[in-house]
Amino acid sequence: MFPSLSITLNDVVEPDSYLDGSPAPGLFITASGLISAASEAFANASVHTLVLQGEGRHFCTGLDLSDLATLSDADLLLRLVRIETLLAMLWHAPIRTVAQAKGRTWGAGADLLVACEQRLVGSDTTLRFPGAQFGLVLGTRRLAERIGADAARALVLEGGELDATQALALGLASRITDSLALAPLRTSGDTGRAVRAASRSDLRDADFHGRRKVPPKLKHAKEKRISRGHGTCSLGF
């Protein structure tokens, strides 16, 4: 049997677990770290499954903007590009990808779930996509492919929250379970790669086209932080 690789998103900083593009105290892995780990897994012919799990109460509550006021526009844009790079890698992964979500799975954390082939959610999972409030639409196209354009548009624009049962009904979740149990793969790695490539749209160029500048609303939030003299930001998406 081929091995799987499990990566843990550690939310030791309670109550939130942030996904960030640069190192931050208390975080087990960053977007850059996830990109590196995923690249190694995809290049290893013996690995058939990549599993993303959360260590603490929550899977991931999104992009860490605690240092928003001190970031240059270039650094902020780089952070967004890293997140999009990670999401695109997971969406186009040549092997099985599994997200095992629990608790708050919000913003970029919810986008991580959407990007994975199998999306397991715990009974206490809640999902939100609040990025549009700040002009961010990182995972919207992929969300639309998962649940349909109308449902995705409503979820993003209205900023609603889904529980596990609602996520399953929409097709956003593959299964509700509080434990990790995966069916054995019965095809070769080459066949799996071919099936995945044939069954997913490839719009990476279009996805990256919209990441060439910082969204005005996010830039405004940054300027307000600076003008108020705050060194941290509590926006978790």
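Remember, predicted model here, so these are calculated numbers, not experimental data.

Caption draft 1: Region of interest: the sheet that holds strand S6 (residues 104-106). Taken in spatial order, the three strands of this open sheet run S6-S8-S9, and their pairing is mixed. At either end of the open sheet lies a strand with only one pairing partner, and these are S6 and strand S9 (161-163). Strand-to-strand twist across the sheet, computed as the mean angle between neighbouring axes with direction ignored, equals 20 degrees. Both strand S8 (residues 126-128) and S9 contribute to a ladder of three bridges, which runs antiparallel. Looking at the pairing, Arg 128 lines up with Glu 161 of S9. Relative to S6, helix H3 (residues 108-115) is tilted by about 85 degrees, and along the sheet it contacts S6 and S8.

Caption draft 2: Structural view of the pattern of salt bridges. Summed over all chains, the structure comprises four salt bridges. Where Glu 117 meets Arg 196, a salt bridge forms, and the shortest distance between an N and an O atom there is 2.5 Å. One end of the pair, Glu 117, is in the loop between H3 and strand S7 (118-121); the other, Arg 196, is in helix H7 (residues 189-199), and 79 residues separate them in sequence. On the basis of relative accessibility, which here comes to 27%, the residue Glu 117 falls in the partly exposed class. The shortest N-O distance in the salt bridge between Arg 153 and Asp 150 comes to 3.1 Å. Of the two residues, Arg 153 and Asp 150 both sit in helix H5 (residues 149-158), three residues apart, roughly one turn of that helix.

Caption draft 3: The nonpolar core, seen in detail. Residues Leu 143 and Leu 172 are the most contacted members of the largest nonpolar core, which totals 47 residues. A total of seven residues in this core trace back to one element, the largest contributor, which is helix H1 (residues 31-43). Every residue in contact with Leu 143, bar those within four places of it in the chain, is listed here: Val 114, Phe 129, Gly 148, Ala 152, Leu 155, Val 156 and Leu 172.

Caption draft 4: The arrangement of the side chain of His 58 in detail. Secondary-structure assignment places His 58 in the loop between strand S3 (49-54) and strand S4 (62-63). For His 58, a relative accessible area of 9% translates into the label buried. In terms of polar contacts, His 58 uses its side chain to reach the backbone amide nitrogen of Arg 104, at 2.9 Å.

Caption draft 5: Molecular detail of the environment of Ser 32. Here Ser 32 lies in helix H1. Classification of Ser 32 as partly exposed rests on a relative accessible area of 25%. Separated by 53 residues in sequence, Ser 32 and Thr 85 place their C-alpha atoms 9.4 Å apart.

Caption draft 6: Representation of the sheet that holds S3 within the structure. The parallel open sheet is built from five strands, whose spatial order is S1-S3-S5-S7-S10. Either end of the sheet is taken by a strand with one partner, and the two such strands are strand S1 (4-9) and strand S10 (175-176). Summarising the sheet, S3 and strand S5 (residues 96-101) pair through five bridges and their orientation is parallel. Note that in S5 the partner of Leu 52 across the bridge is Ala 99. Most of the contacts of H1 go to S1, to which it runs at about 175 degrees, and overall it touches S1 and S3.

Conventions used here
Residues numbered from 1 in each chain as written. Predicted model: local features only at pLDDT ≥ 70, side-chain atom pairs only at ≥ 80, totals over all residues. Heavy atoms only, no water. Pairing = 2+ DSSP bridges. Helix = DSSP H or I, 4+ residues; strand = E, 2+ residues; numbered from the N terminus. Axes fitted to C-alpha atoms, helices over the stretch in contact; angles between N-to-C directions. Contact = heavy atoms within 4.5 Å. Salt bridge = Lys/Arg side-chain N within 4 Å of Asp/Glu carboxyl O. Buried < 20%, exposed > 50% of the residue type's maximum accessible area, 1.4 Å probe, protein only. Core = buried A, V, L, I, M, F, W, Y, C linked by side-chain atoms within 4.5 Å. Polar contact = N/O pair within 3.5 Å; in protein donor to acceptor, adjacent residues only side chain to side chain.

In short, geometric facts, not functional conclusions.
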